[in-house]
Amino acid sequence: MNQEFLTASEKLASFIDGELSQEHTAELFAELAVNPDLQQEMQVLMKMKDTFKNAKLVAPDRLKTGIMMKTGFEKVTFANQLKAGAGIAAAFWALLSGRSAMVTYSILILA
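Per-chain numbering applies: the sequence of each chain, read as written, is numbered from 1 onward. The predicted nature of this model means local features are confined to residues of pLDDT at least 70 and side-chain atom pairs, given and counted, to a pLDDT of 80 or more, with totals for whole chains, interfaces and linings taken over all residues. Water and hydrogen atoms play no part in the side-chain values, which are based on all heavy atoms of the structure.

So, about helix H3 (residues 36-54). Taking 1.5 Å of rise per residue, 19 residues should cover 27 Å, and H3 covers 27 Å from first to last C-alpha, within 8% of that figure. A 3.5 Å cut-off defines polar contacts: any pair of N or O atoms within that distance qualifies, except that in protein one atom must be a possible hydrogen donor and the other a possible acceptor, and neighbouring residues in sequence count only when both atoms are side-chain atoms. Strands are runs of DSSP state E lasting at least 2 residues, helices are runs of H or I lasting at least 4, and numbering of each runs from the N terminus. If you check the start of H3, you find a side-chain oxygen 3.0 Å away from the backbone N of Asp37, and it comes from Asn35. To estimate how far a helix should reach, multiply one less than its number of residues by 1.5 Å.

Next up on the list: helix H1 (residues 8-16). Relative accessibility under 20% of the residue-type maximum defines a buried residue, over 50% an exposed one, and the middle range a partly exposed one, all with a 1.4 Å probe and only protein chains included. What H1 keeps buried is the set Lys11, Leu12, Ser14 and Ile16. A contact between two residues is defined here by any heavy atoms of the two lying within 4.5 Å. Check the buried side of H1 and you find it contacts helix H2 (22-34) and H3. Remark: Gly18 follows H1 within two positions and exhibits a positive phi of approximately 75 degrees.

Grouped together as the largest cluster of nonpolar side chains are 8 residues: Leu6, Leu12, Ile16, Leu20, Leu28, Leu32, Leu38 and Met42. Contributions of two or more residues to this core are made by H1, H2 and H3. Filtering out sequence-adjacent residues up to four positions away, Leu28 remains in contact with Ala8, Lys11, Leu12, Phe15, Leu20 and Leu38. Throughout, nonpolar core names a set of buried Ala, Val, Leu, Ile, Met, Phe, Trp, Tyr and Cys residues whose side chains join them through atoms within 4.5 Å.

Turning next to the environment of Met42. Tracing the backbone shows Met42 in helix H3. Through-space distance from the C-alpha of Met42 to that of Leu32 is 8.7 Å; in sequence the pair is 10 residues apart. Residues within four places of Met42 in sequence aside, it is in contact with Leu12, Phe15, Ile16 and Leu32.

Turning to a nonpolar patch on the surface, a few remarks are in order. Residues form patches when they are more than 30% accessible in relative terms and have no salt bridge. Like charges link within 9 Å. Nonpolar side chains (Val, Leu, Ile, Met, Phe, Trp, Tyr) link within 5 Å. The protein chains shown are the only cover counted for residues, whose accessible areas, like all others here, come from Shrake-Rupley with a 1.4 Å probe. In the sections that follow, a salt bridge refers to a side-chain nitrogen of Lys or Arg positioned within 4 Å of a carboxyl oxygen of Asp or Glu. The grouping of Val44, Met48 and Phe52 at the surface amounts to a nonpolar patch, some 320 Å² of accessible area in total. We classify Val44 as partly exposed; its relative accessible area is 42%.

Before going further, it helps to spend a moment on the packing of aromatic side chains. The relative placement of two aromatic rings is captured by the distance of their centres and the angle of their planes. Two rings from Phe, Tyr or Trp (for Trp, the six-membered ring) form a pair when their centres are within 6.5 Å of each other. A pair whose planes differ by under 30 degrees is stacked, one over 60 is edge-to-face, and the rest are tilted. Per the stated rule, a full pass over the model turns up 1 aromatic pair. Aromatic pair Phe15 and Phe29: ring centres 5.3 Å apart, planes at 75 degrees, arrangement edge-to-face. Within this pair, whereas Phe15 is found in helix H1, its partner Phe29 is found in helix H2, the two being separated by 14 residues in sequence.

The next subject is the packing of H2 against H3. For helices, the fitted line uses only the C-alpha atoms of the stretch in contact; every axis is such a line through C-alpha atoms, and the angle between N-to-C directions lies from 0 to 180 degrees. Axis separation between H2 and H3 bottoms out at 6 Å; the angle between their running directions is 110 degrees. Considering the angle they form, H2 stands roughly perpendicular to H3. Side by side, H2 and H3 meet where Leu28, Glu31, Leu32, Ala33 and Val34 of the first sit next to Pro36, Leu38, Gln39 and Met42 of the second. Residue classes follow a fixed rule: Ala, Val, Leu, Ile, Met, Phe, Trp, Tyr, Cys and Pro count as nonpolar, while Asp, Glu, Lys and Arg count as charged, and any other residue, Gly among them, counts as polar. The class makeup of the residues in the contact of H2 with H3 is 7 nonpolar, 1 polar and 1 charged. Oblique is the label for every angle not falling under 35 degrees (roughly parallel), over 145 degrees (roughly antiparallel), or within 65 to 115 degrees (roughly perpendicular).

The structure is reproduced here in structure tokens:
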């Protein structure tokens, strides 16, 4: 990023991302010393960074199953169609088209 014409807020964001040059860091700290609004903005950005750094994002099972079926790593079965959230019609279509190896097991899941 060209740092020649950055605003104080842009410098702050670059600093938090670890992308700000030493020269611009010195300018930013001088601005922070006298600008309470910029100090508040820094606190908010630091909290956001810490929040996202510590957050663990986990894909829902239905998304994992859907991706695995689309890529061919999992069979398209009645149970997997339901698990992927494809809807009951798609699940029955998989059952009727003979792509379900475990029909008995799949029907038991509904009970």
